[in-house]
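# Secondary and tertiary structure notes
Spelled out, the chains give:
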Amino acid sequence: MDTSFSALPISSPQNTAPSFHHSGIPGFNACPRTYRRLFGWHHLATLLLLMLAHRGQAQQRGILSGQVQTAAGAPIEFATVTLHRTTDSVVVKSEFSDEKGVFRFEQAVAGKYLVSAAQVGFVRGWVPVTLAAGETLTLPPLMLQTSTATALKEVTVVAKKPTYERLADRTVVNVEGSTLAAGNTSLDVLARSPGVTVDANDNLALRGRQGLLVLIDGKRQPMTGTELADYLRALPADQLKSIELITNPPAKYDAQGSAGVIAINLKKDQRLGTNGTANASFGQGRYGKFATGLSLNHRTKKANTFGSYNYANRGNYGALTIHRDFFTTAGGSQNFIGSTDQENYGHGITESHSYKLGLDYNLTERTVVGATVNGLQARNTQNGTNYTEPRDAQGQLLRPYNSTNDRVATFPNYAANLNLKHTFEDSLGSRELTADADYAHYSSSRQQYFNTYFDRGTELFDRLNGDVTGDLSIQSIKADYARPLSKTTRMELGGKSSLVHSDNDVLFLVPFQNPATQARDLNTLVRDPNRSNRFRYDENINAAYVNFTRTLPKWTLQAGLRGEQTKAEGRQDVIQEGVEPGFSRNYWQLFPSAALKHTFSENQETALSLSRRIDRPSYSQLNPFRAYIDATTYGAGNPNLLPQTSYNVELTHTFHKKYSAGLSYSHTTNPIVGTVQPENATSRTVVSTSQNLDQLHYAALTLTAPVEIAKWWSVYNNAVAYYSRYVGTLAGTTLGARNARPAFTLSSNSTFSFGKGWSAELNGNYQSRELSSFFNSSPLGQVSLGIQKSLFDRKAYLKLNATDIFYTGALHAVSTYDNYVERFYQRGDFRVVTLAFSYRFGNDKLAPARRRSGGAEDEKRRAG
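Source: prediction; values computed, not measured.

## Description of the overall build of the protein
What the protein contains, in helices and strands, is five helices and 48 strands. Each of the 864 residues in the protein was classed as buried or not, and the buried ones make up 56%.

## Overview of a nonpolar patch on the surface
Taken together, the side chains of Trp 712, Phe 754, Trp 758, Ile 787, Phe 792, Leu 798, Leu 800, Val 833, Leu 835, Phe 837 and Tyr 839 present a nonpolar region at the surface, about 1000 Å² in accessible area. Sorting the residues of the nonpolar patch by element identifies β45 (796-803) and β48 (832-842) as the ones contributing at least two each. For the nonpolar patch, the element with the highest residue contribution is β48, accounting for four residues. For Leu 800, the location among the structural elements is in strand β45.

## Focus on the pairing of strand β41 (residues 758-767)
Of the pairings in the sheet, the one linking strand β40 (residues 743-755) to β41 comprises ten bridges and is antiparallel in character. Looking across to β41, one finds that Thr 745 is bridged to Gln 767. As paired elements, β41 and strand β44 (residues 780-791) share ten bridges and run antiparallel to each other. Along β44, the bridge assignment pairs Trp 758 with Lys 789.

## Remarks on the sheet that holds strand β5 (residues 111-118)
Strand order in the open sheet formed by four strands is β3-β2-β5-β6, with antiparallel pairing between adjacent strands. On the outer flanks of this sheet lie β3 (91-96) and β6 (125-131), each paired with one strand and no other. If you compare each strand with its neighbour and ignore which way they point, the axes differ by 25° on average. Pairing of strand β2 (residues 80-85) with β3 involves five bridges; the strand directions are antiparallel. Of the residues in β3, the one forming a bridge with Thr 82 is Ser 94.

## Regarding the environment of Gly 563
Note on placement: Gly 563 falls in strand β28 (residues 555-572). Under the relative-accessibility criterion, Gly 563 is labelled buried at 5%. Taking the C-alpha atoms as reference, Gly 563 lies 8.5 Å from Pro 592; in sequence the two are 29 residues apart. Residues contacting Gly 563, with those up to four places away along its chain left out, are Asn 542, Ala 543, Ala 544, Trp 588, Gln 589 and Leu 590.

## Comments concerning the packing of aromatic side chains
Within this structure, the stated rule accounts for 23 aromatic pairs. Taking the centre distance of 6.4 Å and the plane angle of 35° together, the rings of Trp 712 and Phe 754 count as tilted. With Trp 712 in the loop between β37 (695-710) and β38 (713-730) and Phe 754 in strand β40, this residue pair connects regions lying 42 residues apart in the sequence. An aromatic cluster is defined as three or more aromatic residues linked by ring pairs; in this entry it consists of Phe 326, Phe 774, Tyr 817 and Tyr 820. Here the basic side chain of Arg 286 rests over the ring of Tyr 317, its NZ or CZ set 4.0 Å away from the ring centre. Taking NZ or CZ as reference, Arg 520 lies 5.5 Å from the ring centre of Phe 461, over its face.

## Quick word on the environment of Asp 528
Looking at where Asp 528 falls in the secondary structure, it is placed in the loop between β26 (520-527) and β27 (533-552). On the basis of relative accessibility, which here comes to 7%, the residue Asp 528 falls in the buried class. A C-alpha to C-alpha distance of 9.4 Å links Asp 528 and Leu 464, two positions 64 residues apart in sequence. In contact with Asp 528, not counting residues within four places along its chain, are Phe 508 and Val 510.

Cut-offs applied
- Residues numbered from 1 in each chain as written.
- Predicted model: local features only at pLDDT ≥ 70, side-chain atom pairs only at ≥ 80, totals over all residues.
- Heavy atoms only, no water.
- Helix = DSSP H or I, 4+ residues; strand = E, 2+ residues; numbered from the N terminus.
- Buried < 20%, exposed > 50% of the residue type's maximum accessible area, 1.4 Å probe, protein only.
- Patch = residues over 30% accessible without salt bridge, like charges linked within 9 Å, V, L, I, M, F, W, Y side chains within 5 Å.
- Areas by Shrake-Rupley, 256 points an atom, 1.4 Å probe, with all protein chains shown as cover.
- Salt bridge = Lys/Arg side-chain N within 4 Å of Asp/Glu carboxyl O.
- Pairing = 2+ DSSP bridges.
- Axes fitted to C-alpha atoms, helices over the stretch in contact; angles between N-to-C directions.
- Contact = heavy atoms within 4.5 Å.
- Phe/Tyr/Trp six-rings, centres within 6.5 Å; stacked < 30°, edge-to-face > 60°.
- Lys NZ or Arg CZ within 6 Å of the ring centre and 35° of its normal.

Structure (structure tokens):
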């Protein structure tokens, strides 16, 4: 029951190309503080009492149980029992028999299945079954025959989960075992997933929409944009089990995430006894990338102790070419006043150490408790250069300059979780109570040394040193309770309370200026009172939800309601022009959700879902601190930023349980967009920040088509066509229909099984031209290829892969306002060849798997 926070860096880049554009905004960090006056513990205590007192809840689906036996009738313990779809034998769910050979599938969807059972030394057995809605079905004993091959060898199972699966409410990317995942980062794998894109600012989008709730092992990551992307770059893809893409989640999930939920599930060893996995990889692009790791666990029938350690040292680079045109708009006309041309280049190295320790213990047959601690210690160094040529309105070259930007950042972070799960049994089925308590602390220290020169570095013109420190603490407690109300109806309810405290301090040093002569001493640096600052932020969110599900013949109905009370306060010491000294917000909002599914036949079903969701600004988006990218560009947060809320509706039809077509629409109020604007009407200094527009209208068509071309070649195809239209005015620029156009994404993943342990993957994706708010991006795409060979009776794997083979992932884009136009070309270390090796050792006997998620999913994503 691994429910730990994923400790992570706050803001500065990690295993990534140095960021020059729309990035580098200082993160939110905080020191631990109690703040109990806002923390609604008494609400949760009352809710728990109501949960335990409630006696009725809904049987959403059927229950399927049975026993695995030898031909002589002896029970077979820890056999793998799998539920397959009858149409294509795709795995629906797996369980394991206990010491008495008994297995049980809870909440299985009504329908026709094939049940298989397998264990070392036995031939796999199969039995067809039909499960009715609300039925509790006990199968006759599954008798397995002794294998004619040596009983000491494991039964060879040729089938494996497909890389991509389309389920009723989500798309699942099965990363574990993927050839293209070896030696790559989690962001690499995510960017190749169906419908997922990453823009120039490292913002994740699903089906062309930003505003995602990202969970790692059920924990919400406290970051967005570059901060989240940098963490995913630091997380090796070898640690991933699967990625779930959920576009319209139910009320049980936090209301955060208007575009949906990306749930990343990490691997966890389920083998009995003492065992582990070791891996190492080296990739070569322009710079080398090395990663290695070791995971160990010791599992008995009562307890599981597990731990892991991973080390990475990844070199990278980023290059950015920018052309900027500046205008005045006096009198309603656009007048050109000058331009600049810039070349930026940076090289960075990130060294990281990550660890996890945990224990799951079965107090009784129905009660499990667990505890985990994890952390990440990271150090990032970057060396950047910039060359700028300014020109006047007539195109005459003014005095050019260049600058150096050297940065060093460290991130000591840790997190802990305690969790409980207890099941009850009654005549209607099982009830379940889960509870989580979480604490996480993130620290950061970032030093920046910025020098500007004339005449290609021969004349030092200006200096700026920055020192940013921050602490962020998150405390959270949540509880969930579920039980059947009848054989066809099930109820879930729960509550959560979270507390966040952030404290950030920034010190900027500039050359001393003599008050009398106005001369500057470049060798003596003093505190800059205008840019040095301190920002503190406190937030408390209390939430409760209830969800009902009713299953009828050919119909499934779901309705839920979530309520969230938000209290937030922000304060800064230095008052900046146009920014309030502080803010206090207190608001209560309701988030309804509903879903309806109708099964017309075994091969045809249609589903309709509706929901209301919210995107609160991340902590870094609210922080007004500046992060300088070059002499004329800096990033900053916006304390005046408001949450965006959206109403979403989606209609999906599924044919033959694998082909699907979906229509979706959403309307968003106060959408948050990234902007790049001159600091003021006469300045050539550009600031990258986030602001609210008035509305966003979004519509999409999603098509999914998995195809088996041959027994050894299967292809998963996904296409998303979408249209986004923003409404609003910023910096005198009004957005409307002329600032919107249809766009689409295509992705295709081929899996090849050649036999004798050889397999391969080929992945291609394409993003069409996209016009989104003020940004017009040119088409781009990537083709990646990987091949692997299993060794030592499938205990080891040797993998070789190459990403962005044709180097087509670079980005060309234009950002257009009435007073400013920017054209840029952004590239990085995209084309990488990686060789990876992994070895699994120890006992191969499996035990039943458990997967749990904890209580601080929402806050962790928003921290920076």
